[in-house]
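Tertiary structure, described
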Amino acid sequence: MTVAKQPSVGDDVYVPSERRIARERYRRARTRRATAIAALSTLVTGAVLFVVITSSPGWERTKGTFFSAHYARVALPDVLEGLWLNVRLLVVCGACVLVFGMLLALARTLRGPVFFPLRALATAYTDFFRGLPLIICLLLVIFGVPALRLQGVTTDPVLLGGAALVLTYSAYVAEVFRAGIESVHPSQRAAARSLGLSNRQTLRYVVLPQAVRRVVPPLLNDLVSLQKDTGLVSIGGAVDAVYAAQIIASKDFNYTPYVVAGLVFVALTIPMTRFTDWVTARMDRRRAQGGLV
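Residues numbered from 1 in each chain as written. Predicted model: local features only at pLDDT ≥ 70, side-chain atom pairs only at ≥ 80, totals over all residues. Heavy atoms only, no water.

Next up on the list: the environment of Phe67. Structurally, the position occupied by Phe67 is in the loop between α2 (59-66) and α3 (69-108). Linking Phe67 and Thr202, residues 135 residues apart in sequence, is a C-alpha distance of 57 Å. (Helix = DSSP H or I, 4+ residues; strand = E, 2+ residues; numbered from the N terminus.)

The subject of this paragraph is the packing of aromatic side chains. A complete count under the given rule lists 8 aromatic pairs for this structure. Judged by centre distance (4.6 Å) and plane angle (45°), the rings of Tyr125 and Phe129 are tilted. In this pair, Tyr125 and Phe129 are both assigned in helix α4 (residues 116-131), 4 residues apart and thus about one turn of the helix distant. For the pair shown, Tyr125 and Phe129 are each scored as buried. (Phe/Tyr/Trp six-rings, centres within 6.5 Å; stacked < 30°, edge-to-face > 60°. Buried < 20%, exposed > 50% of the residue type's maximum accessible area, 1.4 Å probe, protein only.)

Turning our attention to the nonpolar core. Side chains of a nonpolar character, in soluble globular proteins, are inclined to be buried together. Formed by 39 residues in total, the largest nonpolar core has its most connected members in Phe177 and Ile181. Those elements giving two or more residues to this core turn out to be α3, α4, α5 (134-148), α6 (157-183), α8 (199-214) and α9 (216-229). (Core = buried A, V, L, I, M, F, W, Y, C linked by side-chain atoms within 4.5 Å.)

Take the side chain of Gln210 next. The residue Gln210 is located in helix α8 in this model. Taking the relative accessible area as the measure of exposure, Gln210 reaches 6% and is therefore buried. Engagement of the side chain of Gln210 in a polar contact is seen with the backbone oxygen of Val206, the distance being 3.1 Å. (Polar contact = N/O pair within 3.5 Å; in protein donor to acceptor, adjacent residues only side chain to side chain.)

Next comes the structure, spelled out in structure tokens:
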């Protein structure tokens with residue numbers, strides 16, 4: 001029987017024990033076995049789905065209508081060109097949503113009877129636009145604002161569609177920020193006040209940093225949803241990825257361009273989703289270790 005070397009005083013080399021080595025070897029073997037089982041089950045499921053779909057009676061017609069390689073090559077350049085509009089809308093509207101949502105959340109968390117009208121307005125705004133379907137908000141803004149014939153007000157469907165996205169998503173983001181602010185324990189405020197900080201300084205240096213860190217994952221999820229919903233501005237005639245696909249599909253009544261546009265959105269969304277999962281897991285690990293307040 002081999003006896004593991006015990007680390008002596010002044011010895012910088014640590015030699016694990018036989019039991020620890022065996023335990024680590026068992027964990028690695030279990031991980032490899034679980035990975036192999038997951039890969040095998042995935043392959044079997046994919047094979048079954050492939051056989052079921054390709055053996056269906058209408059597969060050939062469906063393949064030609066929705067998965068045509070020729071129409072995919074034709075549509076891809078125009079769809080990518082239109083996607084640039086969606087990306088710009090995501091960046092600009094996302095920044096506006098974060099700022100406006102934070103202001104709404106701060107308005108809803110103001111204390112004192114003097115701020116009641118501001119709290120009531122912020123609450124009414126949030127309730128209204130959270131309940132109003134986004135498609136209806138887009139229709140009202142894109143077609144309703146130009147109908148008013150206001151001097152100096154734009155009629156550009158891109159700007160109006162972006163404004164509708166900001167109006168709707170600000171209500172959702174405001175609730176996320178408000179939940180983060182209210183999750184900070186009152187003792188944090190009391191401790192900051194006891195150190196001589198004013199209410200404004202307490203909010204800026206103590207409450208908001210903790211609140212923002214806690215709501216980063218849901219905020220990123222809202223941005224992922226916003227990225228997908230930028231395609232809805234096409235209802236006003238803005239040539240984005242969706243509308244570019246619609247133009248091509250309407251010529252020959254082949255719907256492959258829609259599939260191409262959908263896959264492009266998925267390819268753009270997956271990295272954001274994986275980044276959100278990574279941030280969430282990282283914050284959970286830090287919170288479990290006591291490194292995140």
